[in-house]
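Fold and geometry: a report
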Amino acid sequence: MIYLDNAATTKIDEKALDVYNYFSKVDFFNPSAVYATKNSICLKEARQAISKKLGFEDLDNVIFTASATEANNLAFSCASNDFVISNGEHPSVYDMAMHIKETKRVSFCPLSKNGEIDYEELEKILTPDTKFISVMHVSNETGAINDLEKINSIRNKICPHALLHVDGVQAFCKIDFNMKKSGVDLYTISGHKIGAPKGIGALIFKNKNKLKPIIFGGGQEFNLRSGTENLPAIMSLKYVVETRKPDPNYIKSLKNVLLNELTDKDIKINCEGGSPYILSLSFIGVRGETYVSMLHDRGVLVSTGSACSSKKKGNRILTNMGYKEDRIISSVRVSFFETNTVEEVSQAGKIMLNTYHELKEKMNVQ
Ligand code: PLP
């Protein structure tokens, strides 16, 4: 199997799994127990490691959650009305916004042709009353990278008191980002996109005073997210954050290896110049789902879009970028990680091209 769906999830790193096992089998105490001093110190150190990765020094500004989905939902608790999000958001932001739209003022900002938020439109949509803005750092569908500095300066010009939340799931530990120096107030991350386990996410904040709990109980996580801390997953994430060496140049070379194999003018790149980790392509004339399922049978795992959206019809992101039906229905997402090798990517490219030609021919005969 050649796994090229790393934006959906990554295989856990072997050593991160050892850490997970250690904190499940050996140092397994509940960090809130009186005798578990070591575990509660570990928890603090994990917070600090993540803080540090984002440019902070020694701050307790991390809330651990069970997923990025939960962290994104929690971020919305900061405001009671006047939300602005981009049309390119992951369902954990977009569907949350659709949900609260029934009772609150929510505006949606269009995307530009290159997949980034449309900055001019954002300037028109924000008002002095806007309280909360949510945009993603890197698109999970296309790899487009939003210019957070630009968004911050637009926010500062129009609604300086509005909080800026950024879903950093596809960017964290992949592209350098100093949250402390940026205008970002809240940042969401997820473990399983970077070789840490599933079931661990976090919301990093500059000021927790505006956050309100969405889960009630034992008062863990500054009384904002009750529930026994998942220390095995937290420590495993800490290990990855401290040891991971992202290699975007290597990933770029993998992307080029694949593109060099895909020599057909009907294969289109949907987003140029974004994150090298994600490549959105359209294979004109075939249906994405049929193609992806044939590739699966031949040992290449890619997806038609984000795993979270795979049950939803169409592709909201490509539609928003202004693409026509033929490009949308034939779209496929390929996503890389440092664990991929040049040889397997080259092999995957050959299989992808042959399968495309076969399927196209079949479609033409019918
Ligand atoms: N945000 C983005 C951009 C994602 O890509 C994903 C996962 O696909 C999520 C949020 C949700 O992450 P989790 O699986 O940790 O809930």
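Scope of this entry: the structure provided in the associated data block. (Residues numbered from 1 in each chain as written. Predicted model: local features only at pLDDT ≥ 70, side-chain atom pairs only at ≥ 80, totals over all residues. Heavy atoms only, no water.)

What follows concerns the site of the ligand. Taken together, 15 residues are adjacent to the ligand, and Thr 69, Asp 167, Gln 170, Ser 190 and Lys 193 come closest. A distance of 3.5 Å separates an oxygen atom of the ligand from a polar side-chain atom of His 90. A distance of 2.9 Å separates an oxygen atom of the ligand from a polar side-chain atom of His 192. Here the ligand, which alone exposes 400 Å², has 92% of that area covered by the protein. The biggest single contributor to the shell around the ligand is helix 3 (residues 68–75), with three residues. When grouped by side-chain class, the residues that make up the shell around the ligand number four nonpolar, nine polar and two charged. (Near = heavy atom within 4 Å. Polar contact = N/O pair within 3.5 Å; in protein donor to acceptor, adjacent residues only side chain to side chain. Areas by Shrake-Rupley, 256 points an atom, 1.4 Å probe, with all protein chains shown as cover. Helix = DSSP H or I, 4+ residues; strand = E, 2+ residues; numbered from the N terminus. Nonpolar A, V, L, I, M, F, W, Y, C, P; charged D, E, K, R; others polar.)

Let us look at the side chain of Ser 303. Checked against the element boundaries, Ser 303 lands in the loop between strand 11 (300–301) and helix 10 (316–320). A distance of 3.3 Å separates polar atoms of two side chains, one belonging to Ser 303 and the other to Asp 5. With residues near it in sequence (within four places) discarded, Ser 303 still touches Asp 5, Val 292, Val 332 and Arg 333. (Contact = heavy atoms within 4.5 Å.)

Looking now at the nonpolar core. Within soluble globular proteins, side chains that are nonpolar tend to cluster in buried spots. In this structure, Ile 50, Phe 64, Phe 172, Tyr 187, Ile 204 and Leu 237 are the most contacted members of the largest nonpolar core, which totals 48 residues. It is helix 7 (residues 231–243) that contributes the most residues to this core, seven residues altogether. The residues touching Ile 204, leaving out its near neighbours within four places in the chain, are Ile 50, Leu 54, Phe 56, Asn 61, Val 62, Met 179, Asp 185, Leu 186, Tyr 187 and Ile 189. With 32 residues, the next largest nonpolar core counts Val 257, Ile 278, Met 294 and Val 334 among its residues. (Core = buried A, V, L, I, M, F, W, Y, C linked by side-chain atoms within 4.5 Å. Buried < 20%, exposed > 50% of the residue type's maximum accessible area, 1.4 Å probe, protein only.)

Moving on to the sheet that holds strand 12 (residues 331–335). Reading across the sheet, the three strands line up as 9-10-12 and stay open at both edges, with antiparallel pairing between neighbours. Of all the strands in the sheet, the pair left with one neighbour each is strand 9 (267–269) and strand 12. Each neighbouring strand pair of the sheet contributes to a mean axis angle of 30 degrees, computed without reference to strand direction. Relative to strand 10 (residues 278–283), helix 8 (residues 248–261) is tilted by about 10 degrees, and along the sheet it contacts strand 9, strand 10 and strand 12. (Pairing = 2+ DSSP bridges. Axes fitted to C-alpha atoms, helices over the stretch in contact; angles between N-to-C directions.)

What follows is about the pairing of strand 6 (residues 163–167). Across the five residues that make up strand 6, a large majority, five, are buried. Across the two faces of strand 6 the burial is the same, with Leu 163, His 165 and Asp 167 and Leu 164 and Val 166 all buried. One ladder, built from five bridges, connects strand 5 (residues 132–136) with strand 6; its direction is parallel. What sits directly across from Met 136, in strand 6, is Asp 167. Bridge analysis of strand 6 against strand 7 (residues 186–190) gives three bridges, and the strand direction is parallel. Directly across from Val 166, in strand 7, lies its bridge partner Tyr 187.

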